[in-house]
Amino acid sequence: MSTWLGRSSPPPPAAWWEARRRAADADATGEETRRARQLARDWGRFTRNFVVQGTAAEWALCWMAELRLRLRATGAARGRTCAPDGTATGPHLVFFLHDEVIVHTPAELADDVAAAVRDSAARAGRLLFGDFPVEFALDVAVVENYAQAG
């Protein structure tokens, strides 16, 4: 099985194949058969989770790429940029973890940046899934510091 962009789930380990082989033997015990079935169910859950989580990670990568482009454009439109020395006067991505982005921005750009966060998520969804009706619900909070985010 593969993620939407084609990362393939690894094959089962040798022990999985051996358990299947033993269970298929004419003299297999009930325990060997049960064990092979349990391993098959476990591997099925693993591969489905791999596809779901992997595709979510691919979406997040597309979201962040689009967001970085939009943040750069938003800052440039207002004369706010990130200098080559790393000094940032414009909006920029600070942190990403699982499904959360933290953006630092001048206060006067906060509404534009919040819109960029939402629009980037929607654009990433269209890029990966086209017109398929997938909803990417976001909670966007504009706060002075992270402790205030809900």
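Residues numbered from 1 in each chain as written. Predicted model: local features only at pLDDT ≥ 70, side-chain atom pairs only at ≥ 80, totals over all residues. Heavy atoms only, no water.

1. Considering the layout of surface pockets
The condition that has to hold: Only protein atoms enter the 1 Å grid used here, on which a cavity is any set of points holding a 1.4 Å probe that cannot leave and a pocket is any open set flanked by protein within 12 Å on both sides along at least five of seven lines; residues with an atom within 4 Å of a point are listed as lining. Grid points are joined across faces, edges and corners, and a volume is the space filled by probe spheres set on the points. Labels follow the DSSP assignment, with helices taken as runs of H or I lasting at least four residues and strands as runs of E lasting at least two, numbered in each case from the N terminus. Polar here means any residue other than Ala, Val, Leu, Ile, Met, Phe, Trp, Tyr, Cys and Pro, which are nonpolar, and Asp, Glu, Lys and Arg, which are charged; Gly is therefore polar.
In this structure, the largest pocket spans a volume of roughly 1200 Å³. Together, 40 residues line the largest pocket, and Glu100, Val101, Ile102, Asp139 and Ala141 are the ones closest to its centre. Mapped by element, the contributors of at least two residues to the lining of the largest pocket are α2 (30–77), β2 (100–104) and α3 (110–129). The greatest single-element share of the lining of the largest pocket, amounting to 9 residues, is contributed by α2. Split by residue class, the lining of the largest pocket holds 28 nonpolar, 7 polar and 5 charged.

2. Focus: a nonpolar patch on the surface
Note the following rule: Patch membership requires more than 30% relative accessible area and the absence of a salt bridge. Residues of like charge join within 9 Å; the nonpolar side chains Val, Leu, Ile, Met, Phe, Trp and Tyr join within 5 Å. For the area figures, the Shrake-Rupley method with a 1.4 Å probe applies, and any residue is considered shielded solely by the protein chains shown. In what follows, salt bridge is the name for a side-chain nitrogen of Lys or Arg lying within 4 Å of a carboxyl oxygen of Asp or Glu.
Nonpolar side chains collect at one region of the surface, where Val94, Phe95 and Leu97 lie side by side and expose about 270 Å² of accessible area between them. Considering the arrangement of structural elements, one finds Phe95 in strand β1 (residues 92–97).

3. Brief notes about the environment of Glu135
The condition is simple: Only protein chains enter the accessibility calculation, which uses a 1.4 Å probe; a residue whose area is less than 20% of its type maximum is buried, one above 50% is exposed, and one in between is partly exposed.
Position of Glu135 among the secondary structure elements: in the segment after α3. A residue is classified by how much of its surface remains accessible, and Glu135, at 69% relative accessible area, is exposed. C-alpha of Glu135 to C-alpha of Asp119: the two residues are 16 residues apart in sequence and 12 Å apart in space.

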